[in-house]
Amino acid sequence: MASTSNEDLFKNIISHSREYGFIFQSSEIYDGLSAVYDYGQNGVELKKNIRDYWWKSMVQLHENIVGIDAAIFMHPTTWKASGHVDAFNDPLVDNKDSRKRYRADVLIEDHVAKMEAKIQKEVEKARTRFGDAFNEHQFRATHVRVLEIQQKIDAINQRFKTALETGNLEEVRKIILDLEIACPVSGTRNWTEVRQFNLMFSTQMGSVSEDASTIYLRPETAQGIFVNFLNVQKTGRMKIPFGIAQTGKAFRNEIVARQFIFRMREFEQMEMQYFVKPGTEMEWYHTWKETRMNWHRSLGFPEGKHRFHDHLKLAHYANAACDIEFEFPFGFKELEGIHSRTDFDLGNHEKFSGKKLQYFDPDLNQGYIPYVVETSIGLDRMFLAVLSQSYHEEKLEDGSERVVLRIPSFLAPVKCAVLPLVKKDGLPEKAREIMDRIKFDHLCMYEEKDSIGKRYRRQDAIGTPFCITIDHETLQDNSVTIRYRDTMLQERIPVTQVEEILMEKVDMATPLRQLT
RNA sequence: GCGGUAAUAGCUCAGCUGGUAGAGUGUCAGCUUCCCAAGCUGAAAGUCGCGGGUUCGAAUCCCGUUUACCGCUCCA
């Protein structure tokens, strides 16, 4: 990386992933859609393999963890209970000069508070003047100046209330302008439009009554697990502690969405909620921190690419939280979150649904709402981590250059390329024969065009770990050349060994074994 | 969201102060080739991001818009 800055490197990774069919911008022919991306023919394979590796490590390797696939649409009350509806419903406004962002309602309320302070000042003045004979109620009802201010306050409040209720944000802005509210930082009244920041995308379901028809696209997959807690626990006869895993799309209407696929409006999460006995959550929190870090390390990336970042400021529902950060080309950023979520979610769903969401503990002979330890990883971020860690621009001994993706073999989109050395003398037919044998176990690619060197480089560029080359010798003694992506070394092996070698080197079971 | 920069063939870019678009590479077809991208022949490919304006004439100047990148801001 001596000659290439990290910024250039990241740009190269982005254009490489487009050029070789990993990531395309959404709706590109219509100039794209901001912060939405599509996975291409190689991207979808890599993404699927990462998802599989996660799924196997969580569900297949833990007898007490099972998976579900909950719908993206959920009953609207779900998001009331989770806190998502109320927490993200604020009208926002920016001051163009100071570039500070404010909640429009807070600006107006602060202004009203100042006016009320004026009244209070008059009241206090009068109180000292009249002494014991002072009747505050009467004073407020009769004093001309106080009445005047109070009328203004009432008018503002009424106007503001109506504006909010009708969702008239332009009116909210007019109120701010009419009140001549200035930015405390810049002192100017140069305001942007008032915007409602909605975290959640909404849509309509059916054509029935107004309230019930607005539904949201889930901003996190976790709630699908919480609302199914009892279903899974009962039908699976799960005993605490146990976990429910899920992968799936989530949607967030981010204000600023940037850095390629790092922050997208539509993205995929891989989450596992682990239900534990209250009081044991910290123990499990630490266990899962370690388990998840081991999973990341099992990919064989260099030491020091991952680190923990403990949260000091905790969300209202958590009593411990940390991130696993990865060193992307643009710095250390959050890849996975591990949160001790207490009984906040299940407790709230119990409250809102009126259904008892408890686990009966036979040891204690009583029921309780379990505590939850969550592991939540962004699949797209993981994809970006693998891609940026694998991408290498190399200068070879002969002076030429190659771009190679050193993707861990078991995650590579294409496992093996089958290449006849030349396109004649029966070599293509022989190659097809071999291809037809191994294609049932692995995604393979057959190529006969261009020189063998070109074909090797093309496979390097998409991260194919092995190339099998068929030459004239193959026709005589059934031996082939296997060529390794990372070292570019070649070996002569009997064709009968191809399947065996492939199976050993790309099988997901090998890295999974390291995890236990 | 604010400010700055950019957008021309799949990719990397050239196109000077306005005169009807070009290279390298890649792609495709064929020939050649016994192991690491650069041999030969031929072909396809762009209403110059989009919309408007100025002009006899706009890839080029002006305005708007979309998308991306950088900085700021935000991030339950």
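Residue numbers run consecutively from 1 along every chain, following the written order of its sequence. Each chain takes a letter, starting from A, and each ligand takes a number, starting from 1, following the order in which they are written. Whole-chain, interface and lining totals are the exception, using all residues; otherwise, since this is a predicted model, local features are given only for residues with pLDDT of at least 70 and side-chain atom pairs are given and counted only at 80 or more. Side-chain measures here rest on the full set of heavy atoms in the structure, leaving out hydrogens and waters.

### Describing the overall build of chain A
- Numbering of helices and strands runs from the N terminus, with a helix taken as a DSSP run of H or I at least four residues long and a strand as a DSSP run of E at least two residues long. When its secondary structure is counted, chain A shows 19 helices and 23 strands.
- Throughout, radius of gyration means the C-alpha value; the globule benchmark is 2.2 Å times the number of residues raised to the power 0.38. Rg of the C-alpha trace for chain A: 31 Å, well past the compact-globule value of 24 Å for 516 residues, more than 25% over.
- Its C-alpha atoms give chain A principal-axis dimensions of about 120 × 60 × 50 Å.
- Counting all 516 residues of chain A, 48% fall into the buried class.
- Here the accessible surface of atoms and residues is derived via Shrake-Rupley with a 1.4 Å probe, and residues count as covered only by protein chains that are part of the display. Here chain A displays about 26,700 Å² of accessible surface, and carbon together with sulfur accounts for 49% of that area.
- Under this rule, positive means Lys or Arg and negative means Asp or Glu; His and the chain ends count for nothing. Where a charge lies is defined by one atom per residue type, namely NZ (Lys), CZ (Arg), CG (Asp) and CD (Glu). Between the centroid of the 69 positive side chains of chain A and the centroid of its 77 negative side chains there is a distance of 3 Å. Each residue gets one of three labels from its accessible area relative to the maximum for its type: buried under 20%, exposed over 50%, partly exposed in between, using a 1.4 Å probe on protein chains only.

### Re the sheet that holds strand S20 (residues 444-446)
- We call two strands paired when DSSP finds no fewer than two bridges between them. Read from one edge of the open sheet, 5 strands run S20-S19-S21-S22-S23, paired in mixed fashion. Of all strands in the sheet, those with a lone pairing partner are S20 and strand S23 (490-494), marking the two edges. On average, each strand axis in the sheet is tilted by 25° relative to the strand beside it, whichever way the strands run.
- As defined by bridge partners, strand S22 (residues 479-484) adjoins S23 across 5 bridges and the pair is classed as antiparallel. If you follow Ile482 over to S23, its bridge partner there is Glu491. Lines fitted to the C-alpha atoms define the axes, with helices restricted to the stretch that makes contact. Angles between their N-to-C directions range from 0 to 180 degrees.

### Description of the nonpolar core
- With 58 residues, the main nonpolar core has Leu46, Ile50, Phe383, Val386 and Leu411 as its most contacted residues.
- Element by element, the count of residues in this core is highest for helix H14 (residues 379-390), at 7 residues.
- By nonpolar core is meant a set of buried Ala, Val, Leu, Ile, Met, Phe, Trp, Tyr and Cys residues that side-chain atoms within 4.5 Å join together. Judged by nonpolar contacts, the second largest core, of 27 residues, contains Tyr102, Phe134, Val146 and Ile153.

### Re the packing of aromatic side chains
- For this analysis, a ring pair means two rings from Phe, Tyr or Trp (six-membered ring only for Trp) whose centres lie within 6.5 Å, classed as stacked if their planes differ by under 30 degrees, edge-to-face if by over 60, and tilted for the remaining angles. If you walk through the whole model with that rule in mind, you get 22 aromatic pairs.
- Through a chain of ring-to-ring contacts, three or more aromatic side chains come together here, namely Phe10, Tyr37, Phe260, Phe262, Phe301, Phe326, Phe328 and Phe330.
- To sit over a ring, a charge needs its Lys NZ or Arg CZ within 6 Å of the ring centre and within 35 degrees of the ring normal. Against the face of Phe332 rests Arg307, its NZ or CZ located 4.0 Å from the ring centre.
- Against the face of Tyr446 rests Arg432, its NZ or CZ located 3.7 Å from the ring centre.

### As for the environment of Met272
- Assignment of secondary structure puts Met272 in strand S10 (residues 266-276).
- In this structure Met272 comes out as buried when scored by relative accessible area, which is 0%.
- Measuring from C-alpha to C-alpha, the distance between Met272 and Tyr371 comes to 13 Å, with 99 residues separating the pair along the chain.
- Any pair of residues with heavy atoms lying within 4.5 Å of one another is described as a contacting pair. Apart from the residues lying within four places of it in its own chain, the contact partners of Met272 are Trp54, Met58, Ile65, Gly243, Ile244, Ala245, Trp288, Val373, Glu374 and Thr375.

### Observations concerning the side chain of Gln246
- Structurally, Gln246 can be placed in strand S9 (residues 242-251).
- The class of Gln246 is buried, set by a relative accessible area of 0%.
- In protein, a polar contact requires one atom able to donate a hydrogen and another able to accept it; more generally it is a pair of N or O atoms within 3.5 Å, and residues adjacent in sequence count only if both atoms are side-chain atoms. At 2.6 Å, the side chain of Gln246 forms a polar contact with the backbone nitrogen of Ala70.
- For Gln246, the side chain forms a polar contact with the main-chain oxygen of Thr221, separated by 3.2 Å.
- Setting aside chain neighbours within four positions, we find Gln246 in contact with Trp54, Trp55, Ile68, Asp69, Ala70, Arg218, Thr221, Gly224, Ile225, Gln269, Met270 and Glu271.

That's the geometry; what it means functionally is another story.
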